[in-house]
Amino acid sequence: MSELNILSESLKKVTNYLENNQNRNQPIVKFKKPSELKKLINFEIDKQGVSEQDFLKLIDQYLEYSVKTGNKQFVNQLFSGFNFPAFIGELFTVLANTSMYTYEVAPVATTIETEMIRLMNRYTGYLDGDGIFVTGGSNANLVAMFSARNWALPESRFEGCDRTIKLKAFISNQAHYSFETAANVLGIGAKNVIKVASDKNGKMIPTELEKEINESVSRGEKPFFVAATCATTLLGAYDPIDELAQICKKYNLWLHADGSFGGSLILSDQNRYLMKGIEKTDSFTWNPHKLMNIPLICSALLVKKRGTLQHNITDINTDYIFHDIDQIEDLGKKSIQCGRRVDAVKLWFAWKYFGLEGYQKRIDNLIAMAIFAEEIVVNHPKLELVVKRQSFAVCFRYIPTVKTDLNKFNLDLRETMRKNGKSIVNFGYVGETLAIRLVITNGALSKSDIDLFFNNLLSTAIALETELKPMI
Ligand SMILES: Cc1ncc(COP(=O)(O)O)c(C=O)c1O
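Figured I'd write up the structure that's included with this text. (Residues numbered from 1 in each chain as written. Predicted model: local features only at pLDDT ≥ 70, side-chain atom pairs only at ≥ 80, totals over all residues.)

### Side note on the sheet that holds strand β6 (residues 254–259)
Turning to step 1, where the next piece is worked out: Here seven strands make up an open sheet; going across it, the order is β2-β8-β7-β6-β5-β3-β4 and the pairing mixed. Only two strands of the sheet have a single partner each, and these edge strands are β2 (130–134) and β4 (193–196). Neighbour to neighbour, the strand axes of the sheet diverge by 20° on average, direction disregarded.
Turning to step 2, where the next piece is worked out: Of the pairings in the sheet, the one linking strand β7 (residues 283–286) to strand β8 (residues 299–303) comprises four bridges and is antiparallel in character. Looking at the pairing, Ser283 lines up with Val303 of β8.
Turning to step 3, where the next piece is worked out: Sheet strands in contact with helix α5 (residues 107–124) are β2, β7 and β8, and its direction is about 60° off that of β8. (Pairing = 2+ DSSP bridges. Helix = DSSP H or I, 4+ residues; strand = E, 2+ residues; numbered from the N terminus. Axes fitted to C-alpha atoms, helices over the stretch in contact; angles between N-to-C directions. Contact = placed C-beta atoms within 7 Å.)

### Remarks on the site of the ligand
Turning to step 1, where the next piece is worked out: In the vicinity of the ligand, 14 residues are found, and the nearest of them are Gly136, Gly137, Ser138, His176 and Ser260.
Turning to step 2, where the next piece is worked out: Considered class by class, the residues forming the shell around the ligand number two nonpolar, eleven polar and one charged. (Near = placed C-beta within 6 Å. Nonpolar A, V, L, I, M, F, W, Y, C, P; charged D, E, K, R; others polar.)

### Some details on the sheet that holds strand β10 (residues 393–398)
Turning to step 1, where the next piece is worked out: One open sheet holds the five strands; their spatial order is β1-β11-β12-β10-β9, and the pairing between them is mixed. With partners counted over all chains shown, the strands left at the sheet margins are β1 (74–75) and β9 (383–385), one partner each.
Turning to step 2, where the next piece is worked out: As paired elements, β9 and β10 share three bridges and run antiparallel to each other. Across the sheet, the residue bridging to Leu383 is Tyr398, located in β10.
Turning to step 3, where the next piece is worked out: The strands touched by helix α12 (residues 344–379) are β9, β10 and β12 (433–439); relative to β10, the strand with the most contacts, the crossing angle is about 20°.

### Side note on the packing of helix α9 (residues 206–218) against helix α10 (residues 241–251)
Turning to step 1, where the next piece is worked out: Across the interface, α9 lies against α10 with an axial gap of 9 Å and an inter-helix angle of 20°. The angle between α9 and α10 falls in the class roughly parallel. For α9 against α10, the interelement crossing comes out right-handed. Along the contact surface, α9 presents Pro206, Leu209, Glu210 and Ile213, while α10 presents Glu243, Leu244, Ile247 and Tyr251.
Turning to step 2, where the next piece is worked out: Grouping the amino acids of the contact of α9 with α10 by side-chain chemistry returns six nonpolar, no polar and two charged. (Parallel < 35°, antiparallel > 145°, perpendicular 65-115°, else oblique. Left-handed = near helix turned anticlockwise from the far one by under 90°.)

Here it is, written out as structure tokens:
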């Protein structure tokens, strides 16, 4: 079999896989323990390469035991779904295999990334903004904090952090853990990230932020960075950017917006109000691999001021790579990576395919489906909404008739569903309460998919309930 034959056989597998994704009776996962998987697939690399038939078999095995995240019953993570034009874009990105550092080796991809950043800045309201595609939301947050540190203490780029100056960052107590990692990496220290109280819906309380800043100043510290979250990981809450911006202006602090989860809401005319004031921030993490359903990874950090990213890079006297012959700004000069994957091209293909209005409709549909799911919960006698829905996440639990440990019951419910492969949904703790967290992130979901999810959940819950022994 020639390599071209292997390719054509592999492409048939792609088509089969995509057809199966549409099949509602297909399990989302054939769950196996690690020890079982190791028996099913030979993971070791042998001295001799495999035969072509065995090579094709490996593809089948890889797909068979992987989680089908393109299945519409995969509602577990903040990414989900299958975006056809983006998949095509990814395929041809790999085919053209290049790196984003110079125009010389990536002329079209450089122009596409520049155009994507321009468009994203236009939505954000950064009139003279810039940006770069990075390797995920966590890393975008890291580069944001890095930019803020270099703005607050420019000499730290060369001298390192002066430990007599206690830099302090402020995030809400619902914010993502990546900020502590960022402070750790940047020599600021994870303990210097202050977690500001949030309200019952998960939004940062502005007066609490101001109080924390004042207390920090009175301790002789140097506040420098505040992160607002645009859709918190668990509850999907949007921090009040406009109010936080006033405080940051008053104390001259860098304001970052972490839109890793919910930043794409900015595309929606109907719902953008949740991000009111976004144009007043200094940087913004926008992760198209979540709500825009671009294959992982596709993530951008936008900055309000052109030049910010270049300022971060301390030595680009690297004429072995940046020849400056084409008189075009090489994107590598504003990235902390040297070689960098092409992640903007798949986004460009998808945006071209759906158009501005098409994408807006996909985001509006997400909110409509989340409202629909919330209504099902509210109207069902055995379902309880744990927290009011803020955006794309519906946190609820099942209440059996028989008195029982509700956290345990709901965890069993989630686990039974995961293992039977019908629907995979996540959970989290709201205070002491375990909530099933349904996240609506697949822009192609319809009401019948949500109905199917609740049918699966309720039939599993009823079966579990019959096995319950009353609590004494
Ligand atoms: C609010 C928030 N910030 C940051 C991240 C990290 O993004 P990524 O997974 O792309 O690193 C997440 C991930 O879920 C998130 O929910």
